[in-house]
Amino acid sequence: PRGVFNFAGGQTSMPGAVNGSANAFAAFLLDLPNQVGRDLYVEFPTVRQSWYSFFGEDKWQISRKLTLDIGLRYENWPAATSRYNGQFVNYNPQNNSLLVGGYGNIPKNLGIDGDPLGFAPRLGLSYRANNKTVVRAAYGISYLFRDTSQYNFPSNQVSELDAPNAYAPAGSMKVGFPAPILLTIPSNGIIASAPLKLNYAVMPQDLVHGYVNFWNVAIQRQLPYGFTFEVAYVGNHGVDDPVILQLNRGLILGAGSAGQPLNQAFGRTANTSTIIGVSTSYNALQSKLNRRFSNGFLLTTSYTYSKSIDFCSDRLCTPFNQYDFARDRAPSDFNHTQVFVQSFVYEVPFGKGKPWLKSGALGWILGGWQLNGIFTAQTGAPVNLTYSAASLNTPGINNSPNVNGPITILGNVNAGSTWFDTSVFSAPAPNKFGNLGRNRVTGPGLVNLDFSLFRKFLIKEWATLEFRAETLNLTNTPHFNNPGGTFGTSTFGAITSAVNDSRTVQLGAKLFF
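Residues numbered from 1 in each chain as written. Predicted model: local features only at pLDDT ≥ 70, side-chain atom pairs only at ≥ 80, totals over all residues. Heavy atoms only, no water.

**Some words on empty space enclosed by the protein**
Selection rule: Buried and open spaces are told apart on a 1 Å grid over the protein atoms alone, a cavity being a set of points where a 1.4 Å probe fits but cannot get out and a pocket being an open set with protein on both sides within 12 Å along at least five of seven lines. Residues with an atom within 4 Å of a point are the lining residues. Grid points are joined across faces, edges and corners, and a volume is the space filled by probe spheres set on the points. Residues are sorted three ways: Asp, Glu, Lys and Arg are charged, Ala, Val, Leu, Ile, Met, Phe, Trp, Tyr, Cys and Pro are nonpolar, and all the rest, Gly among them, are polar.
A complete count under the given rule lists one cavity of 30 Å³ or more for this structure. In this model, the largest cavity occupies a volume close to 60 Å³. Forming the walls of the largest cavity are Phe 320, Asn 321, Arg 327, Asp 328, Asn 384, Asn 398, Asn 399, Ser 400, Phe 433, Leu 436, Gly 437 and Arg 438. Split by residue class, the lining of the largest cavity holds three nonpolar, six polar and three charged.

**Regarding the sheet that holds strand β5 (residues 89-92)**
The line we're drawing: Pairing between two strands is assigned when DSSP locates at least 2 bridges connecting them. A run of H or I in DSSP becomes a helix once it reaches four residues, and a run of E becomes a strand once it reaches two; helices and strands are each numbered from the N terminus.
Ordered by their spatial adjacency, three strands build an open sheet running β5-β6-β10, and the pairing between neighbours is antiparallel. Two strands bound the open sheet, and with one partner strand each, they are β5 and β10 (190-191).

**Description of the nonpolar core**
Convention followed: In this description, a nonpolar core means a group of buried Ala, Val, Leu, Ile, Met, Phe, Trp, Tyr and Cys residues linked to one another through side-chain atoms lying within 4.5 Å. Buried residues are those whose accessible area, probed at 1.4 Å on protein chains only, stays under 20% of the maximum for their type, while exposed residues exceed 50% and partly exposed ones sit between those limits.
Core analysis: the biggest nonpolar cluster contains 13 residues, and Leu 385, Phe 420, Phe 425 and Phe 492 have the highest contact counts within it. With 11 residues, the next largest nonpolar core counts Val 89, Ile 191, Leu 198 and Val 202 among its residues.

**Focus on the packing of aromatic side chains**
Short version of the rule: Pairing of aromatic rings covers Phe, Tyr and the six-membered ring of Trp, with a centre-to-centre limit of 6.5 Å; geometry is then stacked below 30 degrees between planes, edge-to-face above 60, and tilted otherwise.
In the structure shown here, the tally under the stated rule is 19 aromatic pairs. Geometrically, the ring pair formed by Trp 77 and Phe 145 is edge-to-face, given 5.7 Å between the ring centres and 80 degrees between the ring planes. Of the two residues, Trp 77 sits in strand β4 (residues 66-77) while Phe 145 sits in the loop between β8 (133-143) and β9 (156-162), which places them 68 residues apart along the sequence. Residue Phe 145 is classed as partly exposed on the basis of its relative accessible area of 38%. A network of ring pairs unites the aromatic residues Tyr 387, Phe 420, Phe 425, Phe 487 and Phe 492 as a single cluster.

**Some details on the state of the cysteines**
Selection criterion: In this description, a disulfide is simply a cysteine sulfur pair whose atoms lie within 2.5 Å.
The full count for this structure, using the stated rule, is one disulfide. Across the disulfide from Cys 312 sits Cys 317; the S-S distance is 1.9 Å. The chirality of the disulfide connecting Cys 312 with Cys 317 is right-handed, given an S-S dihedral of about 85 degrees.

**So, the pattern of salt bridges**
Rule in force here: We define a salt bridge as a side-chain nitrogen of Lys or Arg found within 4 Å of a carboxyl oxygen belonging to Asp or Glu.
Counting across every chain of the model gives seven salt bridges. Its salt-bridge partner being Asp 310, residue Arg 438 comes within 2.9 Å of it at the nearest N-O pair. Taken together, the residues Arg 438 in the loop between β21 (425-426) and β22 (441-442) and Asp 310 in strand β15 (residues 297-310) connect sequence positions 128 residues apart. Residue classification places Arg 438 among the buried residues on the basis of a relative accessible area of 5%. Arg 438 is the partner of Asp 333 in a salt bridge, and the nearest nitrogen-oxygen pair spans 3.2 Å. Linking Asp 333 in the loop between β16 (330-331) and β17 (338-347) with Arg 438 in the loop between β21 and β22, this pair joins segments that are 105 residues apart in sequence.

**Quick look at the environment of Ile 309**
Which entries qualify depends on this criterion: Whether two residues touch is decided by their heavy atoms; if any such pair falls within 4.5 Å, the residues are in contact.
As for its position among the elements, Ile 309 is in strand β15. Judged by relative accessible area, which is 16%, Ile 309 ranks as buried. For the pair Ile 309 and Gly 226, spaced 83 residues apart in the sequence, the C-alpha separation amounts to 37 Å. Leave out the neighbours within four places in its chain, and Ile 309 touches Thr 280, Ser 281, Arg 329, Ala 330, Pro 331 and Ser 332.

**Some words on the pairing of strand β7 (residues 115-130)**
Note that β4 and β7 share 11 bridges and pair antiparallel. In the strand pairing of β7, Ile 70 is matched with Leu 123. Hairpin connection from β7 to β8: two residues lie between these consecutive antiparallel strands.

**Digging into the side chain of Thr 46**
What counts here: A 3.5 Å cut-off defines polar contacts: any pair of N or O atoms within that distance qualifies, except that in protein one atom must be a possible hydrogen donor and the other a possible acceptor, and neighbouring residues in sequence count only when both atoms are side-chain atoms.
Looking at the secondary structure, you find Thr 46 in the loop between β2 (35-41) and β3 (52-61). Of note is the side chain of Thr 46, whose polar atom sits 3.2 Å from the backbone nitrogen of Arg 83. Non-local contacts of Thr 46, meaning those with residues more than four positions away in its chain, are made with Ser 82, Arg 83, Tyr 84, Gln 87, Phe 88 and Tyr 151.

**Quick notes on the layout of surface pockets**
By volume, the largest pocket amounts to about 820 Å³. Residue composition of the lining of the largest pocket, by class: 13 nonpolar, 22 polar and three charged. Taken together, 37 residues make up the lining of the second largest pocket; nearest its centre are Phe 145, Pro 242, Ile 275, Arg 315 and Leu 316. Broken down by secondary-structure element, the contributors of at least two residues to the lining of the second largest pocket are β11 (200-202), β13 (227-246), β14 (272-294) and β15. Residue classes in the lining of the second largest pocket are distributed as 17 nonpolar, 13 polar and seven charged.

Following this line, the structure appears as structure tokens:
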């Protein structure tokens, strides 16, 4: 079965030396991988999971001006179970044993607790101050998806050979992958001595069930000429958002595999992960200026000033710094501080049914046209600056460079130049962390205009043909990717690529009848 060989810079560098992609390529040429792995499913996994939701709501008209919406949702998430015995397997890091579901006294759901307390209230309020002004507010709780399925050896063999330290190889392509392990499951379902070279995941019996508190307060005002203006504060706070923690990460800087707790206890150096809960937050000022479609014109304008904070930015992701989680709390990878969007639809006021040139050749030529556009301008996304972890010599731990002064955004995108001033960064000392936190630099922003032009032709009273010319990125403006973020490489701070979204033109026709 296929697997993977990973190559890093440490195997062809000296302790304390700056290394980069060239060192990793040299390690590939010399067949010195820092990690060798393969996934092998001995039995195809199956999962059975149900969850139940109930809700009730009521609307209370307290007065002519004040309306209250009250709701309560209840969610019950029993633990997932496998269809067949022997498919769900949990690892016990306390004694290096494996618990196989469906054997002995081990239930097929591994005994994972359900979540019987899934109450989620909702509250909404609307107050009409006068005929043109409305104030609205809301609060609620939403639960995140909770997956308790767990696959380990022997149903799934995730074989991995890790290097004993940052400079030694883990194996070689010449030797190949570790051989599959064949094992008969004991009748009690407990494999007392789990194979040491396989990756395992630990499903906590009291697995957290994450949820999000969300709230908003908005004021909407009717303006002349069909316009409305709205300004709102929108926020949310995530509780127990699940992320991955590496239990067998090195806990002693510079000690190599000797600092891994499961190596000290059982001689085990392979990855061992579990799930913990962390907090997230989002706060935003949102404003809108809209004009409803009237007399052939529609306008929608929105502006958002926001900040999203998390520890990593994907579902069940792995925070960057497993040694010190506090350094991972930072703006989200997808955080764009300012976003402005302007869209419009405009039908020219000429031709049949319009104010001007209702008949005649000129009215036929100028009439029936519709212009549409979406203009977007936003600030860039964060860039996480990293440094080779070889100098740490601490398995499972990443590193970042030192920053020795203010970070200046230069804004250069040309070859041979950098987006930010790279002279303020330096390599940390061996066995030391850099002082730079996660996502401290912002990449290039985006300005884009999508535009379309429609023309309607009346064929018969019952048939109309619409010609459509649509362009994405009308101005063909390049939208650059983030600069290189690995200190010590030739591309550090340099922008070397752009998003593949050059101007696209498409023509079409639609027949209405």
